[in-house]
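One-letter residues, chain by chain:
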Amino acid sequence: MATCSEYRRRARVALDGSLFGNTWLYLVLAVLVANAIISASGIIPIAPLLLAGPVSIGLCSYTLHLLRNTDKKNKAEPLLDGFRNSIGTNVLVGFLFWLFTVLWSLLFVIPGIVKAIAYSQSYYIALEHPEYDANTCITESRKMMNGHKWKYFCLQLSFIGWMIVGSLCFGIGTLWVLAYMSAANAAFYEDLKEQPVVQ
């Protein structure tokens with residue numbers, strides 16, 4: 001596995017290196033729209049749970065396209081992938097991710113965080129394996145993350161300074177950081193899927 005700084009470097013390369021470049025701005029817009037959809041749908045209590053999976057899978061698809069340098073780099077098409085194939089499974093993946101994390105959090109906060117990290121690859125797996133059911137996506141993520149949870153946690157932690165700086169700009173700067181994190185997390189997944197599964 002690569003270092004956290006290497007994942008951040010790959011993310012910057014995928015985002016064309018410029019904070020205000022077209023690719024980075026496009027991903028900022030995608031993050032903004034995704035968060036707005038999930039937040040605005042909170043008027044109906046169940047709606048965020050129904051939309052979280054497909055919207056998150058769309059973001060995963062877009063960031064993977066960035067890293068793989070496809071011709072869809074600045075197109076919205078990949079953002080809709082979560083609503084195209086296996087939408088029922090995608091909805092269930094988002095729901096199970098939320099449900100299992102909440103249930104583990106009822107024990108204490110730490111188990112909830114650990115399980116959220118363990119399930120963090122579920123959306124990528126659902127995207128790349130539409131033949132899997134929702135529970136299989138969650139299970140495969142948990143297996144993939146065996147022995148790699150600390151590395152993922154450190155990657156998320158490495159953005160704290162950026163988040164603090166971003167929050168000083170009336171919170172608007174955090175959108176850039178979230179876009180940066182999304183690309184770095186996709187780089188982590190690309191590396192992780194090549195690793196042998198630790199039982």
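Residues numbered from 1 in each chain as written. Predicted model: local features only at pLDDT ≥ 70, side-chain atom pairs only at ≥ 80, totals over all residues. Heavy atoms only, no water.

Regarding its fold elements, the chain presents 10 helices and zero strands. Each helix and strand of the chain, ordered N terminal to C terminal, gives the series α-α-α-α-α-α-α-α-α-α. The long-range share in the chain, meaning contacts at least 24 apart out of those at least 6 apart in sequence, stands at 70%. Carbon and sulfur atoms provide 68% of the accessible area of the chain, an area that totals close to 10,000 Å². (Helix = DSSP H or I, 4+ residues; strand = E, 2+ residues; numbered from the N terminus. Contact = heavy atoms within 4.5 Å. Areas by Shrake-Rupley, 256 points an atom, 1.4 Å probe, with all protein chains shown as cover.)

Turning to the layout of surface pockets, a few remarks are in order. Of the voids in this model, the largest pocket is the one considered here, and its volume is about 770 Å³. Lining the largest pocket are 22 residues, with Tyr123, Tyr152, Gln156, Ser182 and Asn185 positioned closest to its centre. Every element with two or more residues in the lining of the largest pocket is listed here: α2 (22–40), α3 (47–67), α5 (109–118), α6 (122–128), α8 (149–157) and α10 (173–192). It is α3 that provides the largest number of residues to the lining of the largest pocket, a total of six residues. (1 Å grid on protein atoms, 1.4 Å probe; cavity = no way out; pocket = protein on both sides within 12 Å on 5 of 7 lines; lining within 4 Å. Points joined across faces, edges and corners; volume = space filled by probe spheres on them.)

Quick look at the environment of Arg12 now. With respect to the element layout, Arg12 can be found in helix α1 (residues 4–14). Taking the C-alpha atoms as reference points, Arg12 and Tyr180, 168 residues apart in sequence, are found 7.3 Å from one another.

The grouping of Val109, Ile110, Ile113, Val114, Trp150, Phe153, Leu157, Ile160 and Ile164 at the surface amounts to a nonpolar patch, some 870 Å² of accessible area in total. Top contributing element to the nonpolar patch by residue count: α5, with four residues. By secondary structure assignment, the location of Ile113 is in helix α5. Here Ile113 falls in the partly exposed class, since its relative accessible area comes to 38%. (Patch = residues over 30% accessible without salt bridge, like charges linked within 9 Å, V, L, I, M, F, W, Y side chains within 5 Å. Salt bridge = Lys/Arg side-chain N within 4 Å of Asp/Glu carboxyl O. Buried < 20%, exposed > 50% of the residue type's maximum accessible area, 1.4 Å probe, protein only.)

Quick look at the environment of Glu140 now. Note that Glu140 resides in helix α7 (residues 134–144). Judged by relative accessible area, Glu140 falls into the partly exposed class, the value being 24%. Between the C-alpha atom of Glu140 and that of Ala118, which follows or precedes it by 22 residues, the distance is 9.5 Å.

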